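Notes for the structure review
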Amino acid sequence: MTQQNFLLGKGERLTTEIIMRSGGGPKQAPYTFAEACGRLAPMAASTATKIDTLPPEACPNDQAVISLTLNPEYIAKSYFPTKLLNDLGMDVIGSRPRKINPQKRSRGREAIETVTTELFARGRRSIIRAWSEDFPNWEVHRSGANDLISIEQIKAPVPDDKIKGNLPDRGRIVLEAVLHANELEAHTYMLQAFYSYLAWCGIEAEFGRQFFAKGLCFLEMDAPVERALDIVAFTGVRVLRKMPDLRVLRPLVRSEGIPDTKTQFPDETPVSDDVRVAIFDGGIPKDHPLTKWVVPYEDRALKPATPEFLSHGVSVTSAALFGHIDPHAPIPRPYTFIDHHRVIDDAPSQDPHQLFEILDRIENVLASHEYDFISLSIGPYLPIQDDDVHAWTAVIDDYLSRISALALIAVGNNGEGDALLGLDRVQVPADCVNALAVGACDTPGKYWKRASYSSKGPGRSPGIVKPDLVDFGGELSRPFVVVSSDSQPILAATAGTSFATPSVMRLASGIRAHFGPSLDHLTIRALLVHTCEKGDYDHKEIGWGRVARNLNDIILCDDDTVRIVYQGEISPTKYMRTAIPVPRSSLQGIISIKATICYKSETDPHHPGNYTRAGLEVTFRPHDGKFSRKNQIHPNSARFFGSSLPGTTEEDLRRDAWKWENCLHAEVRKQGSSLQNPCFDIHYNSRSESRNFSPSEKLKYSMIITVQAKSTLDLYNRVVRRYATQIEPLRPILSIPIRT
């Protein structure tokens, strides 16, 4: 390459709105109306009997929660049993994914175990009792009657199922109770009813911090653990668990210093002073040399920082400023200044109250400051679960859905845990769908793999690909090199996902520093995923791959390659055609097309199986002159996203779960002769609390498309000439060294 071919922008100018006809015939039901009534009547009667045994104090306003499990063929948002619930006067207050073996499937197919949705519906016990007694009188023409065929099971929640993890047999401990309660009604209704119920039971409980996220309240409470079953008998309780510990901030490798090396810091100020970066960690000594580029912040109420936490804070910040330091090369110039917020108190004994205290400090900072990038290497020592969302994830995801900042979160170092028990999975809050979850690989060199300690996927669906990316995090034989926390610092060796994460943030902030606001944070996330090295490993190990080695690999194209950035908006329910730029004349040989699309989504933590509210369905049409049927309006489609989504099971594909993933990435190879004005058609789906919903706002998205034709050495120039009035090179506001 003899010139700098910068990635191309303004791809959104290549989009047009199109009209798509809806298709599909009437749905065949697994049960007739009579069969549904016959099956469900005894279940409803048993449920009514069980909830009638609860004391009135456990059922505020005589309301109880029952479980309605949907037949797996009726979990799409369009089949939500709205009419039935309205008829009964009940409200759905949450749901969770659940595996069942349905009694019957439509069209005589074999019934197999599969994932479905379990709804939690709240209503007066008198209504539930009347429903169970009135079943024989229901007729098919009644409003809501047709929804009965979508219900597979009715039951009362089992108290034991609400207790998560192992609790000690006796003693007073700190618990985390999750209630079905929203912030508007909580102080006048559900929380007060819960406090009154515990007092009625004679349970002496003390309450701490509380966090609200949509329909859930996460409540910190001290209580005698032997009364756990009494606590969860309250109908508003969804989950009860022992308060998780904070991840131990001890690096996996620790050295007293690297011999025969000198710490020579760069003299320059950062590349840019317009990029705002925040780190939440263990603190930085106020007299440390890193304060040339870092502003330390801490709450006055915090006790003095411990040396152990300060060491971790300095190491994380060193990684954000300089990345992995080569002991035999000059320390590189930082891209940005950094705000380091110490949020951890002096609790090496792992004070169980500290977990919610730290989240409260983080939430307060984020509510009062605006940042471009956020790095988080701390969190609960708790692998994610498929059927529930933790307070840290719910609070942080909700915040990130409303702002433009890019957050990068370490997945944790429990990758060698018991896989059968799920103890090796990514840790909370790395399951945030609106953040990049970062794992660690074992070398910055060519032959890399997941570092053995780095936590594995899959994430929760949606959000199946977690970690999103990996980067070098160090290991015993090849440690990650940072600046030590000494007042006269030396270079020190360490290892962990805590350091891979800020290292990726450094690269992200470098993109922003060089291009300014012409590339938004969503696009930078998409670029990091799009340009990663794929690797020969399962996506559960490395996510989409290892992050690019340098800025040039992201922002420059070879002569036979073109990379286009689309930054746009799409309206709900609309279809948008997105052209893939190629030359006018046909291409020869094998053509590679790679695409990545990212967007942020509001979340419903009380519906973890339907967690994201926005979904983009993307259809690939490679040739605009090929039609399979007479009177076909749009060209033939071909496989691209969806069926190739890593970690997706057959049942995920059957229920189109991939359509709700807010980060999609794939690559296909095609013969040049099979391409003619190729495009993607993008459709914006939306839902809220598992049901149909049409928001008034448009959805912001970022899409990156790369086309490579190795037999066309001037592809970049040909594409630039063809689309000269539409797309344009994105030139940096600061000079970037020419790649050689």
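Let us look at the structure shown here. As the structure is a computational prediction, the values presented were derived from the model and not from experiment.

**Here we look at the overall build of the protein chain**
The helix and strand inventory of the protein chain stands at 16 helices and 30 strands. Scaling as 2.2 N^0.38, a compact globule of 740 residues should have a C-alpha radius of gyration of about 27 Å, and the protein chain matches this with 27 Å. Oriented by its inertia axes, the alpha-carbon framework of the protein chain measures out at about 80 × 75 × 40 Å. Across the 740 residues of the protein chain, 59% fall into the buried class. In the protein chain, 82% of the contacts between residues at least 6 apart in sequence involve partners at least 24 apart. For the protein chain, the exposed surface amounts to about 30300 Å²; the carbon and sulfur share of it is 48%.

**Structural notes on the pattern of salt bridges**
What the rule picks out here adds up to 38 salt bridges. When the shortest N-O distance is used, the salt bridge between Arg342 and Glu298 registers 3.1 Å. Of the two residues, Arg342 sits in strand S14 (residues 338–342) while Glu298 sits in strand S13 (residues 294–298), which places them 44 residues apart along the sequence. Taken together, the shared-partner salt bridges connect Arg96, Lys164, Arg238, Asp387 and Asp388 into one network.

**Topic: a nonpolar patch on the surface**
Together, Leu420, Leu421 and Leu423 give the surface a local cluster of nonpolar side chains, amounting to about 370 Å² of exposed area. If you trace the backbone, Leu421 turns up in the loop between strand S16 (406–410) and strand S17 (436–441). Judged by its relative accessible area of 61%, Leu421 is exposed.

**A look at the sheet that holds S16**
Spatial strand order, S13-S14-S12-S15-S16-S17-S18: seven strands in an open sheet with parallel pairing. If you trace the sheet from one side to the other, it starts and ends with S13 and strand S18 (469–472), each paired once. Along the sheet, successive strands turn relative to each other by an average axial angle of 25°, direction set aside. In this structure, strand S12 (residues 277–281) lies alongside strand S15 (residues 373–376), joined through four bridges in parallel fashion. Residue pairing across strands places Phe280 opposite Leu376, the latter belonging to S15. Strands in contact with helix H8 (residues 307–322) are S12, S13 and S14; relative to S12, the strand with the most contacts, it is inclined by about 155°. Against the sheet, helix H9 (residues 354–368) makes contact with S12, S14 and S15, and its axis sits at roughly 165° relative to S12, the strand it touches most.

**Concerning the environment of Leu175**
The topology assignment puts Leu175 in strand S8 (residues 172–180). A residue is classified by how much of its surface remains accessible, and Leu175, at 0% relative accessible area, is buried. As a C-alpha pair, Leu175 and Thr573 span 398 residues in sequence and 43 Å in three-dimensional space. In contact with Leu175, other than residues within four places in its own chain, are Leu167, Leu219, Glu220, Met221, Ala223, Ile231, Leu240, Arg241, Lys242 and Met243.

**Quick look at helix H3 (residues 125–134)**
Listed in full, the buried residues belonging to H3 are Arg125, Ile128, Trp131 and Ser132. All buried residues of H3 lie within an arc of 125° about the axis, which places them on one face of the element. Contact partners of the buried residues in H3: helix H1 (33–52), strand S4 (63–70), helix H2 (82–88), strand S6 (114–124) and strand S7 (151–155).

**Looking at the side chain of Asn685**
Inspection of the secondary structure puts Asn685 in strand S27 (residues 679–688). Here His683 takes part through its side chain, which lies 3.3 Å from a polar atom of the side chain of Asn685. Those residues in contact with Asn685, other than ones at most four positions away along the chain, are Lys77, Arg613, Ala614, Gly615, Glu617 and Trp660.

**Regarding the sheet that holds strand S10 (residues 216–224)**
On the basis of which strands lie adjacent, the open sheet formed by four strands has the order S9-S10-S8-S11 and antiparallel pairing. The outermost strands of the open sheet, each flanked by one partner alone, are strand S9 (206–213) and strand S11 (237–242). Across the sheet, the mean angle separating the axes of adjacent strands is 20° when strand polarity is ignored. As paired strands, S8 and S10 are joined by nine bridges and run antiparallel to one another. Bridged to His180 within S10 is Leu216. The sheet strands contacting H9 are S8, S9 and S10, and the helix crosses S9 at an angle near 45°.

**Overview of the environment of Leu184**
By the secondary structure assignment, Leu184 is in helix H5 (residues 183–186). In sequence terms Leu184 and Gly215 are 31 residues apart; their C-alpha atoms lie 9.8 Å from each other.

**With respect to the nonpolar core**
Membership of the largest hydrophobic core comes to 73 residues, with the highest contact counts inside it found for Phe322 and Leu528. Broken down by element, this core gets its largest block of residues, nine residues, from helix H11 (residues 497–515). Excluding residues within four positions of it along the chain, Leu528 makes contact with Leu406, Leu436, Leu469, Val504, Leu507, Ala508, Ile511, Val547 and Ile554. Core analysis: the next-biggest nonpolar cluster, separate from the first, contains 60 residues, Leu68, Ala145, Leu179 and Ala223 among them.

**Focus: the packing of H11 against helix H12 (residues 521–530)**
Direction vectors running N to C along H11 and H12 enclose 125°, while the axes themselves pass 10 Å from each other. The orientation of H11 with respect to H12, classified from their angle, is oblique. When the axes of H11 and H12 are compared, the crossing they make is right-handed. Taken together, the residues of H12 that come into contact with H11 (itself represented by Val504, Leu507, Ala508, Ile511 and Arg512) are His521, Ile524 and Leu528.

**Observations regarding the packing of aromatic side chains**
Counted according to the given criterion, the structure contains 19 aromatic pairs. Note on Tyr74 and Tyr79: the rings are 5.2 Å apart at their centroids and 65° apart in plane angle, and the pair reads as edge-to-face. An aromatic cluster is present here, built from Phe194, Tyr197, Trp200 and Phe234 joined pairwise through their rings. In this structure, Arg39 packs its charged tip against the face of Tyr31, placed 4.4 Å from the ring centre. We note Arg142 situated over the ring of Trp138; from NZ or CZ to the ring centre the distance is 4.0 Å.

**Points about unusual backbone geometry**
Both trends apply: most residues other than glycine have a negative phi, and most peptide bonds are in trans. Following Gly457, the chain continues to Pro458 via a peptide bond in cis, the omega torsion being 5°. Here Pro458 lies in the loop between S17 and S18. A cis amide bond links Lys466 with the next residue in sequence, Pro467, at an omega value of 5°. Here Pro467 lies in the loop between S17 and S18. Phi at Ser690 is positive, roughly 75°, even though this residue is not glycine. Within the secondary structure layout, Ser690 lies in the loop between S27 and strand S28 (691–692).

Parameters at a glance
- Position numbers for residues start from 1 in each chain and track the written sequence from start to end.
- Owing to the predicted nature of the model, reporting of local features is limited to residues with pLDDT of at least 70; listing and counting of side-chain atom pairs is limited to 80 or more, with chain, interface and lining totals taken over all residues.
- Excluded from the side-chain calculation are hydrogens and water; included are all heavy atoms of the structure.
- Every helix listed is a DSSP run of H or I at least four residues long, and every strand listed is a run of E at least two residues long, numbered separately from the N terminus.
- Each radius of gyration is computed over the set of C-alpha atoms, and the globule rule expresses the reference value as 2.2 Å times the number of residues to the power 0.38.
- Burial classes: relative accessible area under 20% of the type maximum marks a residue as buried, over 50% as exposed, and values in between as partly exposed (1.4 Å probe, protein chains only).
- It only takes one pair of heavy atoms within 4.5 Å for two residues to be counted as in contact.
- Note that accessible areas follow from Shrake-Rupley with a 1.4 Å probe, and for residues the cover is restricted to the protein chains shown.
- Salt bridges, as used here, are contacts in which a Lys or Arg side-chain nitrogen is within 4 Å of a carboxyl oxygen on Asp or Glu.
- To count toward a patch, a residue needs a relative accessible area above 30% and no salt bridge. Like charges then connect within 9 Å, nonpolar side chains (Val, Leu, Ile, Met, Phe, Trp, Tyr) within 5 Å.
- DSSP-based pairing: two strands are paired if at least 2 bridges between them are found.
- In this analysis, axes come from line fits to C-alpha atoms, helices being fitted only over the stretch in contact, and the angle between any two N-to-C directions falls in the range 0 to 180 degrees.
- To obtain the arc, one takes the directions from the helix axis to the C-beta atoms.
- Pairing of N or O atoms within 3.5 Å defines a polar contact, subject to two protein rules: one partner must be a possible hydrogen donor and the other a possible acceptor, and residues neighboring in sequence count only if both atoms are side-chain atoms.
- What makes a nonpolar core is a set of buried Ala, Val, Leu, Ile, Met, Phe, Trp, Tyr and Cys residues whose side-chain atoms join them at distances within 4.5 Å.
- Roughly parallel here means an angle under 35 degrees, roughly antiparallel means over 145, roughly perpendicular means 65 to 115, and every remaining angle is called oblique.
- By definition, any crossing whose near helix is turned counterclockwise from its far helix by less than a right angle is left-handed, and any crossing with a clockwise turn is right-handed.
- In this analysis, rings of Phe, Tyr and Trp, with Trp reduced to its six-membered ring, are considered paired at centre separations within 6.5 Å, and the interplanar angle assigns stacked below 30 degrees, edge-to-face beyond 60, and tilted for intermediate values.
- Whether a charge sits over a ring depends on NZ of Lys or CZ of Arg being within 6 Å of the ring centre and within 35 degrees of the ring normal.

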